Amino acid sequence: MNAENSPELPPRAEGSSPQPENSGTPETPVNTFRQRRGEIRRPGRKKSISRQKSSPNPPRPVDPAGPGGAGQAPGSNQPYNTNEPRSFPPRRSGPPTPRDDGRPRFSRPGFSRPGFSRQEENRPGNRPERRPYASDRSQQPPAGPRIGRVGPNPFLWVAPGAEGSAPNTDVSASAGANPSETTRPPREQKPRFQRPSNQNSQPRSFPNAGAGAGETRTPRGVTSWSEARPAGSKPPRRPAAPNGEEPTRYHTGNSPRRERPAPPGRPPHSHHAPEAGRALHAPDISVLPPMQLLAPRTARELAFNVLEAHHAGNKHIGEVFDQAVDRTTLSPSDRRLAYELICGIVRRQSTLQALLMSLVHRQMETLERPLQTVLKIGLYQIFLCQGIPQHAAVHETVDLAKRANMRWGGFVNGVLRSAIQLMTENILTEPSSRALPIGHHQYRELTTDLFPSPTLTPGSYIAAAFSFPNDLVERWVGQYGVEATIRMAFWFNQVTETALRVNLLKTDRETFRQKLFAADFVAEAGDLPETIRLLSTVRISTLPGFQEGEFSVQDLSAQHAARRLNPQPSEVVLDLCAAPGSKTCHMAELMQNQGEIIAADTHGGRIRQVYENAERLGLSIIRTITIGPRGENLPSMEFDKVLADVPCSNTGVLGKRPEARWKYSPAHLDELREMQATILRTAAGKVRIGGRILYSTCSIEPLENEEIVQQFLAATTEAGGPRFRLVEEQKFMPGSPADGAYQALIERVS
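Residues numbered from 1 in each chain as written. Predicted model: local features only at pLDDT ≥ 70, side-chain atom pairs only at ≥ 80, totals over all residues. Heavy atoms only, no water.

In the annotation of an unreviewed UniProt entry, the entry for the protein chain reads SAM-dependent MTase RsmB/NOP-type domain-containing protein, and the organism field reads Planctopirus hydrillae. In its Sequence similarities (unreviewed entry) section, the UniProt entry covering the protein chain states "Belongs to the class I-like SAM-binding methyltransferase superfamily. RsmB/NOP family." (UniProt positions renumbered as here; feature names shortened; annotations may be inferred.)

Participant: I'd love a proper account of the packing of helix H5 (residues 299-313) against helix H10 (residues 390-404), names of residues and values included.
Facilitator: Packing of H5 against H10 leaves a shortest axis separation of 10 Å and a crossing angle of 55 degrees. The angle between the axes of H5 and H10 places the two elements in the oblique class. Relative to H10, the crossing made by H5 is right-handed. Two secondary-structure elements touch here, H5 through Arg300, Glu301 and Phe304 and H10 through Glu396, Leu400, Arg403 and Ala404. (Axes fitted to C-alpha atoms, helices over the stretch in contact; angles between N-to-C directions. Helix = DSSP H or I, 4+ residues; strand = E, 2+ residues; numbered from the N terminus. Parallel < 35°, antiparallel > 145°, perpendicular 65-115°, else oblique. Left-handed = near helix turned anticlockwise from the far one by under 90°. Contact = heavy atoms within 4.5 Å.)

Participant: A description of the state of the cysteines should follow, citing residues and the corresponding values.
Facilitator: Going through the model one piece at a time under the given rule, you end up with zero disulfides. Cysteine Cys698 is unpaired, with the sulfur of Cys648 as its nearest cysteine sulfur at 3.2 Å. A relative accessible area of 17% means that Cys698 is categorised as buried. (Disulfide = S-S within 2.5 Å. Buried < 20%, exposed > 50% of the residue type's maximum accessible area, 1.4 Å probe, protein only.)

Participant: Kindly report on the confidence of the model for the protein chain, identifying the contributing residues and their values.
Facilitator: Scored by pLDDT, the protein chain comes out at a mean of 75, with 61% of its residues at no less than 70. Here residues 1-9 is a poorly scored stretch, pLDDT under 50, and it has 15 contacts once near neighbours within four places are set aside; other chains count. Every residue in residues 241-259 is under pLDDT 50, and counting partners more than four places away or in other chains gives 20 contacts. (pLDDT = per-residue confidence, 0-100.)

Participant: Any chance you could break down the UniProt feature "active site" (unreviewed entry) in the protein chain for me, citing the residues and the numbers?
Facilitator: As recorded in UniProt, the sites labelled "active site" (unreviewed entry) are Cys698. Position of Cys698 relative to the elements: it lies in the loop between strand S16 (687-697) and helix H20 (706-719). Not counting chain neighbours up to four residues away, the residues in contact with Cys698 comprise Cys648, Asn650, Thr651, Gly652, Val653, Arg657, Gly740 and Ala741.

Participant: Outline the side chain of Asp555, listing residues and values.
Facilitator: Assignment of secondary structure puts Asp555 in the loop between strand S11 (551-553) and helix H16 (556-565). A residue is classified by how much of its surface remains accessible, and Asp555, at 15% relative accessible area, is buried. Within the structure, the side chain of Asp555 is placed 2.8 Å from the side chain of Ser557, a separation counted as a polar contact. (Polar contact = N/O pair within 3.5 Å; in protein donor to acceptor, adjacent residues only side chain to side chain.)

Participant: So, the sheet that holds S11: which residues are in play, and what are the values?
Facilitator: An order of S9-S10-S8-S11 is seen for the four strands of this open sheet, with the pairing classed as antiparallel. Strands with a single pairing partner mark the edges of an open sheet, and in this sheet they are strand S9 (523-525) and S11. For this sheet, the mean inter-axis angle between neighbouring strands, taken without regard to orientation, is 30 degrees. In this structure, strand S8 (residues 498-502) lies alongside strand S10 (residues 531-534), joined through four bridges in antiparallel fashion. Bridging across to S10, Leu500 finds its partner in Ile532. Each of S8, S9, S10 and S11 is contacted by helix H15 (residues 509-518), which is oriented at about 20 degrees to S10, the strand it contacts most. (Pairing = 2+ DSSP bridges.)

Participant: So, the nonpolar core: which residues are in play, and what are the values?
Facilitator: Core analysis: the largest hydrophobic core is formed by 77 residues, its most contacted members being Leu379, Phe383, Val412 and Phe466. With eight residues, the single largest contributor to this core is helix H9 (residues 369-383). When residues are assigned to domains, this core turns out to be shared by domain 1 (428-493) and domain 3 (556-748), each giving three or more. Residues contacting Leu379, with those up to four places away along its chain left out, are Leu352, Leu355, Leu356, Leu359, Leu384, Leu416 and Ala419. In terms of nonpolar packing, the next biggest core, distinct from the first, is built from 28 residues, Ile598, Ala600, Phe639 and Ala744 among them. (Core = buried A, V, L, I, M, F, W, Y, C linked by side-chain atoms within 4.5 Å. Domains from an automatic or database assignment.)

Participant: Please provide a residue-by-residue account of the environment of Ala299, values included.
Facilitator: Within the fold, Ala299 resides in helix H5. A C-alpha to C-alpha distance of 8.4 Å links Ala299 and Tyr339, two positions 40 residues apart in sequence. Contacts of Ala299, omitting those with residues within four sequence positions, involve Leu330, Asp334, Leu337 and Ala338.

Participant: Can you explain the pattern of salt bridges? Please cite residues and give values.
Facilitator: One pass over the structure, following the stated rule, counts 25 salt bridges. The closest approach of N and O atoms between Glu510 and Arg513, which form a salt bridge, is 3.4 Å. One end of the pair is Glu510 and the other is Arg513, both in helix H15 and three residues apart, which spans about a single turn. Judged by its relative accessible area of 28%, Arg513 is partly exposed. For Arg673, the salt bridge is made with Glu707, and the minimal N-O distance between the two is 3.7 Å. With Arg673 in helix H19 (residues 666-684) and Glu707 in helix H20, this pair connects stretches of sequence that are 34 residues apart. By relative accessible area, which is 33% here, Glu707 ends up partly exposed. (Salt bridge = Lys/Arg side-chain N within 4 Å of Asp/Glu carboxyl O.)

Participant: Break down the packing of aromatic side chains for me, with residues and values.
Facilitator: A full pass over the atoms with the stated rule returns eleven aromatic pairs. For the pair Tyr461 and Phe466, a centre-to-centre distance of 6.4 Å together with 90 degrees between the ring planes defines the contact as edge-to-face. On the accessibility criterion, Tyr461 (1% relative accessible area) is buried. One aromatic cluster is present, formed by Tyr443, Phe451, Tyr461, Phe466 and Phe490 through successive ring pairs. Arg616 extends its terminal NZ or CZ atom over the ring of Phe546, reaching a point 4.3 Å from the ring centre. We note Arg661 situated over the ring of Phe468; from NZ or CZ to the ring centre the distance is 4.2 Å. (Phe/Tyr/Trp six-rings, centres within 6.5 Å; stacked < 30°, edge-to-face > 60°. Lys NZ or Arg CZ within 6 Å of the ring centre and 35° of its normal.)

Participant: I'd like a description of the environment of Val320, backed by residues and values.
Facilitator: Inspection of the secondary structure puts Val320 in helix H6 (residues 317-325). Val320 sits in the buried class, given a relative accessible area of 7%. Taking the C-alpha atoms as reference, Val320 lies 8.7 Å from Leu307; in sequence the two are 13 residues apart. Residues contacting Val320, with those up to four places away along its chain left out, are Val306, Ala309, His310 and Lys315.

This is the structure we're talking about:
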C-alpha cells in the first residue's frame, strides 16, 4: 500500500515535528488504521479527548506484521483493501444495538467514531450520506389514498375504503431512494384512527361538542366518513373548537406548532408578548387547578394563604383569617403583621393594581392570580406599610415567591426593585397625579404621573388613589363634596382603634380597664358608661376576660342603637335581623337580664352565633328563631320594642370590612332598598300602640336611611291604618369620632 492509495489525512502544518525514525517509509505508513482508532498516538497530534475519557485501558503494543497491523483488517487475517471506499455507521446513542456477529455495539454520548476528531468526521469523504427512510416527515407522501393520518399534517384524513388500492408499501419508491442502496425493510402501516368494531355502521357521536348536544361529528378536517381527499392537497379549514375555545393557529413549516401562552407557574417571556395589532390569547386562570396552599411559617405566607382562600371562596376575610391562624404557631407580632397585610391589600386593590400595571409591561391576564397576590404583598410593604425596610420587604417577598413557585423568584425580584425606583422620599400634603395617599392626610410623591388629575377629575383620582369604586366616589362627591370625601377615604384606609363594650352584669368599666393594664394592654374610657377604647391591635380572644364573658366587641356608633331604643326590664322585645347578636346582647344587658328578647334572622347558620354570644355573656332571656324573607314564622303577639337592624351597603364601616367596598353597585343598592322597606313594614306590624321601632343601618347613603323612613311615614299616613311619628334620628359620619351609621326612632301613636 503506497501513499497514493492511503486514506486521506489532514495536511501537516508547517513547522511541525518530523516523522520519527521508526515510523516506516512514506510508501508504507505504519498502523494507519489503528492510529485512526486512537490505539496509537499519531505523531505530532494529541490523543483525542473522547478516547482518553472512554478508554479504560492503555494502548497495547502492536506488531506491524501481526493482526491489525499495516495491510490487514483488525481482528482477521484478511488483507485490508485500501481501494474499497469505507463507510461508517451513523452516530447513535442509547442502549446497545446488536452487531451482525452477535456482539453488542455500544454508543457513547459525545463519541462518534474512534480516532476521528470532529473536523475529520465532517469531511465529505468521511461522513456517510443519510439514507432516506419511508417514514421521514421531510419527504413528500406518496400519491394515492392512505388510511388514517398521512404526512406531517395531523388533520389530513383519508377515509378507509376510499377509491384506490391498498396503501403503497414500496419504501424505495415512496421515499425517492435509490433501489440499489440498502433501505429499511418495509413494515405494515397501521391507521392512527379507527372506529371501534361495534360502531362501524354509525359515525362517532361527541355530545356537547358541536352546535348542539348529541350532534354527530366526523374527525377534524373531514366532512363525512366516506370522503377521501388526495394526499398532499391543502387541508380544509379547521372546524370551530368545542365550548367556544380559541382554534389553534399554525406557523408555516413542515410540522405544526401551537402558539401557547406562558406555562402555568412561569411569568410570560418576551416571545409570549403579543405582536403589534394582535391580542394575546391568555388562558382562563379561573379554570386552572387551585394552588396548594403553603404551610405558613411567616406572616407573609399566612397572608398569602388567607388572600388565596378569600379569592377562591369569596368568604368574609375575618372568618378566613380566624380559621387559618388557629392552625399556625406564629407569634402575636407576626399575626398582627399578617392581618394588616391582608386587610390592607384587600382595601387598596385598585391602588396596587395601578402600581403593578406601571411596573409589569404585560397584560395582567397573563399573570397567574397567585403570582399577582405575591406581587401585591411586596408592593404593599414597600409603599403603604410603615416600619418595614425596603430591602427586607424585597427579600421576604422573593422568599415567599420561591416557596410558592421556584420560577417566580427572579421575576418578583425585578418587579419589586423597579418599584423602589418609582418612589421618592418626599411627603406631600396636597393631592396630585403623583401623590400616593399613605395615611394621616399625607401623600408619598412618585416619580411619574400614576393617577388622574385631582383638579380636573377629582372623583377619578379618589377612586384610583384611595381604591374605591368609581360609582360610590362620584355619589359621595355629589353629596358631601371633595374635601369631605377625601377625609372619609383616609378614615376608611387606616387602621382604627377597637371599641369594647363591658358587660355591666359581671364587672364595671374601671375594673376591667385595670385588668387590661395588668396584661400590658393600653385602653381608655369611651363616651358611654360601658365603652372602652383599645389602643393596641390584638386578637380579641386572647384578651383577659373574653371567655368569662366580661366584654364584647362593638363599635361606638353601634352601641348608641340599644341606648337610643332604651329597653326596660320585664319588657318583650323583638330583634329583626339579629345575627351575629351584638345589639341583641347589649339590649339584654340593659334589661338586667329580665324580660324576653326574640332574636330572629333568615339565616339559620348565623342565628347560632346569637346563641353562642348570649351563652358566653351569661344572658338567659334571649330566644332565637329562624324566619322567612317577609317575616314568616314570627310570633303573632305584639312587642313593646322592635329593633330593625336592616341589611345595608355597609358604606359606613368600609374600614372594618375591607371587602365590603367591592360589593357596592347601584343595582345591589336598589335590591337593598326594597328589602329594607319590607323589613320596616314588618316591624311596624309587630309593635303595640305606644311602642317604639328603631330603624338602624351601618350606611351613610340617604337612599338607605332618610328616604326609606320618609317613604314609610308617608305610606302609613295615606293608608289610614296605624299611624307613626319620627321621634329622633341621628347620622354618624365616618371618623366623627367612629364609623358611620344611621339610627331613626319611630313611635306608633295609634
